[in-house]
Amino acid sequence: AYEKIWLVFAILLILLLLGSVTYGAVGPGVAMVADSEDQINANALDEDDRFAEPRVERVGENHYEAYVVAFQFGFQPDPIVVPENSTVTFQVTSRDVIHGFEVVGTNANTMVVPGEVSELTVEVGEPQEYGILCNEYCGAGHHVMEGKLHVV
Ligand code: CUA
């Protein structure tokens, strides 16, 4: 009788092992499906009015919205031009891979994900030129990926 119990136990172990191997193999497959969904979202974003034409828009007194698209390897528009002493809300998306968006010298710093919109707001003062950097590794040209914010 004990032999049968051990046999069942051994078979259960084998099934468990097979189960975990199968799960491991399916895992990456699921990730690839997610990637193609991201691609679809990114395409949908191209048709998003806000990003069809990357630009700066006045949305209130001293309040501007900048619709920015990050790509390998730059930002659009470049430069981003806003008037002095204003509030600027950046809405940033990517049309290819994950990038970063950092306005050097301010606390504006975010990750930019394809199919998603990152939003951040900064107050700008005197006319000045800021550098914009990508701080997520995004490919061979990552180190040259930069833009400009001109406060005029
Ligand atoms: Cu884009 Cu690094």
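Residue indices begin from 1 for each chain and proceed along its sequence in written order. With the structure being a predicted model, the display of local features is reserved for residues of pLDDT at least 70 and the display and counting of side-chain atom pairs for 80 or more, all residues being used for whole-chain, interface and lining totals.

- The name given to the chain in an unreviewed UniProt entry is Cytochrome c oxidase subunit 2, with the source organism recorded as Halorubrum aquaticum.
- UniProt positions are given in the numbering used here, feature names are shortened, and annotations may be inferred rather than shown by experiment. Listed under Subcellular location (unreviewed entry) in UniProt, the entry text for the chain is "Cell envelope".

Some details on the environment of Y2
- What counts as a helix is a DSSP run of H or I of at least four residues, what counts as a strand is a run of E of at least two, and both are numbered from the N terminus. By the secondary structure assignment, Y2 is in helix α1 (residues 2-46).
- Under the C-beta neighbour-count criterion, Y2 is labelled exposed, with 6 such atoms within 10 Å.
- Counting along the chain gives 141 residues from Y2 to H143, while the straight-line C-alpha distance between them is 66 Å. Around each residue's C-beta, the other C-beta atoms within 10 Å are counted; 20 or more make the residue buried, 12 or fewer make it exposed, and counts in between make it partly exposed. All C-beta atoms are placed from the backbone.

Concerning the sheet that holds strand β6 (residues 99-103)
- A strand pair is defined by DSSP finding two or more bridges across the two strands. Strand order across the open sheet formed by five strands is β4-β10-β9-β6-β7, with mixed pairing between neighbours. One side of each edge strand has no neighbouring strand; the edge strands of this open sheet are β4 (80-82) and β7 (109-112). On average, adjacent strands in this sheet sit at an angle of 20° to one another, irrespective of strand direction.
- In terms of strand pairing, β6 meets strand β9 (residues 128-133) through two bridges, oriented antiparallel. Counted as the bridge partner of E102 is L133 from β9. Each axis is a line fitted through C-alpha atoms, and for a helix only the stretch in contact is used; angles between axes span 0 to 180 degrees, taken between their N-to-C directions.

Concerning the pairing of strand β10 (residues 146-151)
- Both β4 and β10 contribute to a ladder of three bridges, which runs parallel. Bridge assignment links I80 to a residue of β10, and that residue is L149.

Some words on unusual backbone geometry
- Between Q76 and P77 the backbone carries a cis peptide bond, its omega angle lying at -5°.
- Here P77 lies in the loop between β3 (74-76) and β4.
- A cis amide bond, omega 5°, links D78 with the succeeding residue P79.
- Following the sequence through the fold, P79 ends up in the loop between β3 and β4.

Topic: the nonpolar core
- Remark: nonpolar core denotes a set of buried Ala, Val, Leu, Ile, Met, Phe, Trp, Tyr and Cys residues whose joining runs through C-beta atoms within 7 Å. Ranked by size, the top nonpolar core spans 21 residues in total, and within it A66, V68, A70, V92 and I132 carry the most contacts.
- Residue assignment for this core shows that the elements contributing at least two residues are β2 (63-71), β4, β5 (86-94), β6 and β9.
- Top contributing element to this core by residue count: β2, with five residues.
- Here I132 is in contact with F75, F101, E102, V103, E146, G147, K148 and L149, once residues within four sequence places are set aside. Here contacts are defined at the residue level, using C-beta atoms placed from the backbone and a cut-off of 7 Å between them.

Examining the confidence of the model for the chain
- Mean pLDDT for the chain: 87, with 84% of residues reaching 70 or above.
- Contacts for the low-pLDDT stretch residues 27-36, under 50 throughout, to residues beyond four places or in other chains number zero contacts.
- What the predictor reports for the complex is a pTM of 0.71 with an ipTM of 0.99. Known as pLDDT, the predictor's per-residue confidence is scaled from 0 to 100.

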